[in-house]
Amino acid sequence: TVGNITTLKRHLTDFEEIRGKRINFKDVGKTLFQEFYIHLSKKENKNKKDQGLALTTVANILRKFKMFMSWCYDHGYLDNLNFRIYKVNSEKVDKVALTLDDIEKIKDYSPKDLREEQALDLFLFLVSTGQRYSAAEILEWEHIDLSRKHVHFRDPKTGRLYNFYLQPLAFAIIKKYKDADSPTPIPKINSTVLNRKIKIILSEVGLDKTINTHLRA
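Residues numbered from 1 in each chain as written. Predicted model: local features only at pLDDT ≥ 70, side-chain atom pairs only at ≥ 80, totals over all residues. Heavy atoms only, no water.

Chemist: Even after reading the chapter, I still don't get the pattern of salt bridges, so can you show me in this structure?
Modeler: Opposite charge on two side chains permits pairing when their charged atoms draw close. Per the counting criterion, the structure on display carries eight salt bridges. The closest approach of N and O atoms between K176 and D121, which form a salt bridge, is 2.7 Å. Within this pair, whereas K176 is found in helix α7 (residues 168-179), its partner D121 is found in helix α5 (residues 114-129), the two being separated by 55 residues in sequence. Residue K176 is classed as partly exposed on the basis of its relative accessible area, which comes to 34%. Taking relative accessible area as the criterion, D121 reaches 8% and is therefore assigned buried. In this structure, D179 engages K175 in a salt bridge whose closest nitrogen and oxygen atoms are separated by 3.1 Å. With a gap of four residues between them, D179 and K175 both fall in helix α7, about one helical turn apart. (Salt bridge = Lys/Arg side-chain N within 4 Å of Asp/Glu carboxyl O. Helix = DSSP H or I, 4+ residues; strand = E, 2+ residues; numbered from the N terminus. Buried < 20%, exposed > 50% of the residue type's maximum accessible area, 1.4 Å probe, protein only.)

Below, the structure written as structure tokens:
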């Protein structure tokens, strides 16, 4: 669409300014794609305000760039296919680890309702313990020694053993639900609902990126 081309043109113009020279499309190949990828990821622009685009956005821009180059080739404006050498690697844009600053931003978020609060608590528990969603699904009070801040249980389906200590953030969340006489140590939330709620929270706190949080079975 016109909007997509306009956006791509803007990013390429920024890229040219940073490089200090114009792009010759006949020379577009793997090296230039890699440089463009780094530019979009780091966004080292002159205003120094940009912190880098979301990596999923970077991948979309690179794909649009390749589509544009294909159009140029099909219509006779380009006589080589060097641009096809570069592959947009989905693994590069799939997950991004949380930083300590990110976690602090998420902790400071004020939930709008009870369900969002529960999703936030479950999310922070998973982040703090490094456990998978599947572990949270089967966690019960009998698995936790509060005096030792220790968790020990075996998955009845897979036989996998879980054995870990609760860090301060995870312990605070567990104690919150203990004091509230909750039937479970942490809320039980469908993974789809959890991911949807967390996506909203991340957007609210300005973390526009795909997060690797072990939210998988």
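Chemist: Which parts of the structure should I look at to understand unusual backbone geometry?
Modeler: Excluding glycine, most residues fall at negative phi; most peptide bonds, likewise, are trans. In this model, K149 sits at a positive phi of 55°, which is unusual for a non-glycine residue. Note on placement: K149 falls in the loop between β1 (144-145) and β2 (150-154). You will see that D181, though not glycine, has its phi angle at about 55°, which is positive. A residue is classified by how much of its surface remains accessible, and D181, at 68% relative accessible area, is exposed.

Chemist: So what exactly am I meant to see when it comes to the nonpolar core here?
Modeler: Here is a general trend for soluble globular proteins: nonpolar side chains tend to be buried in one another's company. Ranked by size, the top nonpolar core spans 35 residues in total, and within it I106, L122, F125, L166, I186 and L194 carry the most contacts. For this core, the element with the highest residue contribution is α5, accounting for seven residues. Among all residues touching L122, those that are not within four sequence positions of it are Y133, A136, I186, P187, I189 and L194. If you look at the next biggest cluster of nonpolar residues, it comprises 18 residues, including L8, F33, F36 and F83. (Core = buried A, V, L, I, M, F, W, Y, C linked by side-chain atoms within 4.5 Å. Contact = heavy atoms within 4.5 Å.)

Chemist: Quick question: what am I supposed to make of the packing of α5 against α7 here?
Modeler: A pair of packed helices can be characterised by two numbers: the angle between their axes and the separation between those axes. Look at α5 against α7: their axes get within 8 Å of each other, and the N-to-C directions meet at 140°. Read as a crossing pair, α5 and α7 show a hand that is left-handed. Contact residues: α5 offers E117, Q118, D121, L124, F125, S128 and T129, while α7 offers L169, A170, I173, I174, K176 and Y177. Here the residues of the contact of α5 with α7 sort into seven nonpolar, three polar and three charged. (Axes fitted to C-alpha atoms, helices over the stretch in contact; angles between N-to-C directions. Left-handed = near helix turned anticlockwise from the far one by under 90°. Nonpolar A, V, L, I, M, F, W, Y, C, P; charged D, E, K, R; others polar.)

Chemist: Quick question: what am I supposed to make of the sheet that holds β2 here?
Modeler: In a beta sheet, neighbouring strands are held together by backbone hydrogen bonds and run either parallel or antiparallel to one another. The antiparallel open sheet is built from three strands, whose spatial order is β1-β2-β3. Of all the strands in the sheet, just β1 and β3 (161-165) have a single pairing partner and so form its edges. The sheet contact formed by β2 and β3 spans five bridges and is antiparallel. The residue bridging V151 from the neighbouring strand is F164, located in β3. (Pairing = 2+ DSSP bridges.)

Chemist: It is not clear to me how the environment of Y177 should be interpreted in this structure. Could you clarify?
Modeler: Inspection of the secondary structure assignment puts Y177 in helix α7. For Y177, a relative accessible area of 9% corresponds to the buried category. Considering only alpha carbons, one finds Y177 and D121, 56 residues apart in sequence, at a separation of 9.9 Å. Residues contacting Y177, with those up to four places away along its chain left out, are E117, Q118, D121, W141, S182, T184, P185 and P187. Of the polar contacts made by the side chain of Y177, one reaches the side chain of D121; its length is 2.6 Å. (Polar contact = N/O pair within 3.5 Å; in protein donor to acceptor, adjacent residues only side chain to side chain.)

Chemist: Where do I start with the packing of aromatic side chains in this structure?
Modeler: Geometry of an aromatic ring pair is reported as the spacing of the ring centres plus the angle between the planes. As enumerated under the stated definition, the model contains three aromatic pairs in all. For the ring pair F36 and F65, a centre distance of 5.5 Å and an interplane angle of 80° mean the geometry is edge-to-face. Taken together, the residues F36 in helix α2 (residues 30-42) and F65 in helix α3 (residues 55-74) connect sequence positions 29 residues apart. Summarising the aromatic geometry, the rings of F153 and Y162 are spaced 4.8 Å apart at their centres and angled 15° between planes, so their arrangement reads as stacked. Taken individually, F153 and Y162 each receive the classification buried, so the pair is uniform in this respect. (Phe/Tyr/Trp six-rings, centres within 6.5 Å; stacked < 30°, edge-to-face > 60°.)

Chemist: Got a minute to help me understand α7 in this structure?
Modeler: Look at α7: 16 Å from first C-alpha to last across twelve residues, which is about the 16 Å you get at 1.5 Å a residue. Buried residues of α7: A170, F171, I173, I174 and Y177, and no others. The buried residues of α7 all sit within an arc of 160° when viewed along its axis, so they share a single face. Residues P168 and D179 are exposed on α7 and point more than 90 degrees away from its buried face. Looking at the packing, one finds that the buried side of α7 touches α5 and β1. Downstream of α7 by one or two residues, D181 has phi in the positive range, about 55°. (Expected span 1.5 Å × (residues − 1). Arc of directions from axis to C-beta.)

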